[in-house]
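# Working through the structure, step by step
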Amino acid sequence: MKILARYLFMNLFQPLVYLLLAFSLLFIIGDLMDNADDFLKAGASPGLMLHYYSLQLPSLVIFIVPICLLLATLYSLSRLTRHSEVTAMRASGISIYRIVRPYMLLGFICFLLTGVVNEFTGPRYAYRAHQLLESKTKATDDVYFEEIAYKNPTLGHEWYIGGFDTRNYTMTNVTLRIRREDGSDLSKITAKKGHWLDRRWWFEDGAIQHFDANNNQLGKPETFQTREMRKLKERPEEFMREAKDPAHQSSLELLDYIRTHQHLSRKEIKSDWVDFHHKLTMPFICLIAVLIGIPVGAHTGRKGALAGIMLAIGLFFGFYAMQFTMEYLAKQMFIQPWVGAWTAVITFFFIGSTMIFRMR
């Protein structure tokens, strides 16, 4: 049985690798055609372009693995069925569930891989690729300096940062207001520069002004040249999230953003919750692809390739259409965010499982 399982696993793994390489190459070619003018105007070297696309690949994996897994499953099982190998296995007393087990195993491996990439690697490297492209194709380096207004209601902190260098986490023209629970000012900190060193902030050329309960100044501002700000809990990533697209944030970053931005409108918070749940659902698409591909691929070998492939691709894109529609309804506050994000996953998981069960 180990030999059979290994044979079935490799029968799927090999076309999957080829498809991943092909789709990655197609993406690079398409993106290069779209950004060719910008690269040429900036005088980008081949090494720079190679670095840019190496940063893009982790986030690309999240999107191309499911469709590649579906096509590889269709090809693998249709070939086995066409050569009567599945029939021979069944005649030898091997159940259909044992036959599809290696396929489900590879689908689960892809589920774990895309989950890890989606949470830890893809968003970070996609943001770095975005920074690299903007810095090399724009006339200035403004992409590295973003005016940021950040409010942390949990700590009562309100930040205004004139400039923020995301390469070395350096701030310029910093103003921080620390407020009491009733909204009155407790103190105001200003600094020309702020540096993130040893996991804490260090301010330079600044002043601290304290206030009483009536917002009256308590004495003169206390000036300083350099001061370690141990009591400030905000991290550089929190400021960067203010300017980041949700596609460049992990689910944990989105969750933290939602918790610290309860002052936003109800619709904005609901929309952020939809994006959060969408991030969680993305790895499950790999399992959906396998569940759809197995019964359709086995059927394709007997009845003809074209009809089966069109059916599988139709179901797969039907999943995306349903997910898009439900998430739109959730963002418009017609349904709950988790319902909008998870309905398509649960529905197509049930459809795929039912189709495999009926293969007996």
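Please refer to the structure placed before this passage.
Before going into details, it helps to say that this report is about the structure given with it. What you see is a predicted model, and the numbers here were worked out from it, not measured in a lab. (Residues numbered from 1 in each chain as written. Predicted model: local features only at pLDDT ≥ 70, side-chain atom pairs only at ≥ 80, totals over all residues. Heavy atoms only, no water.)

What follows is about the overall build of the chain. Helix and strand counts for the chain come out as 10 helices and six strands. Relative to its length of 360 residues, the chain is extended, with a C-alpha radius of gyration of 27 Å against a globular reference of 21 Å. When its C-alpha atoms are laid out on the principal axes, the chain stretches across 90 × 50 × 35 Å. Considering only contacts in the chain between residues 6 or more positions apart, those separated by 24 or more positions represent 60%. For the chain, the exposed area adds up to about 19300 Å²; of that, 61% sits on carbon and sulfur atoms. Averaging the positions of the 40 positive and the 33 negative side-chain charges in the chain gives two centres separated by 12 Å. (Helix = DSSP H or I, 4+ residues; strand = E, 2+ residues; numbered from the N terminus. Rg over C-alpha atoms; globule rule 2.2 N^0.38 Å. Contact = heavy atoms within 4.5 Å. Areas by Shrake-Rupley, 256 points an atom, 1.4 Å probe, with all protein chains shown as cover. Lys, Arg positive; Asp, Glu negative; His and termini not counted. Charge placed at Lys NZ, Arg CZ, Asp CG, Glu CD.)

Where strand β4 (residues 185-197) lies against strand β5 (residues 200-210), 10 bridges are found, and the strand directions are antiparallel. Note on β5: the bridge partner recorded for threonine 190 is alanine 207. Following β4, the chain reverses through two residues before pairing antiparallel with β5; aspartate 198 in that reversal takes a positive phi of roughly 55°. (Pairing = 2+ DSSP bridges.)

The contact between helix α7 (residues 266-281) and helix α10 (residues 337-357) brings their axes to 7 Å, and the two run at 25°. For the element pair α7 / α10, the angle class is roughly parallel. Where α7 crosses over α10, the handedness of that crossing is right-handed. Only Pro337, Trp338, Ala341, Trp342 and Val345 of α10 make contact with α7, whose side of the interface consists of Lys270, Trp273, Val274, His277, His278, Leu280 and Thr281. Grouping the constituent residues of the contact of α7 with α10 by class yields eight nonpolar, three polar and one charged. (Axes fitted to C-alpha atoms, helices over the stretch in contact; angles between N-to-C directions. Parallel < 35°, antiparallel > 145°, perpendicular 65-115°, else oblique. Left-handed = near helix turned anticlockwise from the far one by under 90°. Nonpolar A, V, L, I, M, F, W, Y, C, P; charged D, E, K, R; others polar.)

One pass over the structure, following the stated rule, counts eight salt bridges. When the shortest N-O distance is used, the salt bridge between arginine 230 and glutamate 228 registers 3.0 Å. Judged by its relative accessible area of 24%, glutamate 228 falls in the partly exposed class. (Salt bridge = Lys/Arg side-chain N within 4 Å of Asp/Glu carboxyl O. Buried < 20%, exposed > 50% of the residue type's maximum accessible area, 1.4 Å probe, protein only.)

Under the defined criterion, the tally for this structure stands at 18 aromatic pairs. Between the aromatic rings of phenylalanine 9 and phenylalanine 13, the centroid separation amounts to 6.1 Å while the plane-to-plane angle is 15°, which identifies the pairing as stacked. On the criterion of helical spacing, the pair formed by phenylalanine 9 and phenylalanine 13 is a turn pair, its members being four residues apart in helix α1 (residues 2-42). Residue classification places phenylalanine 13 among the partly exposed residues on the basis of a relative accessible area of 34%. (Phe/Tyr/Trp six-rings, centres within 6.5 Å; stacked < 30°, edge-to-face > 60°.)

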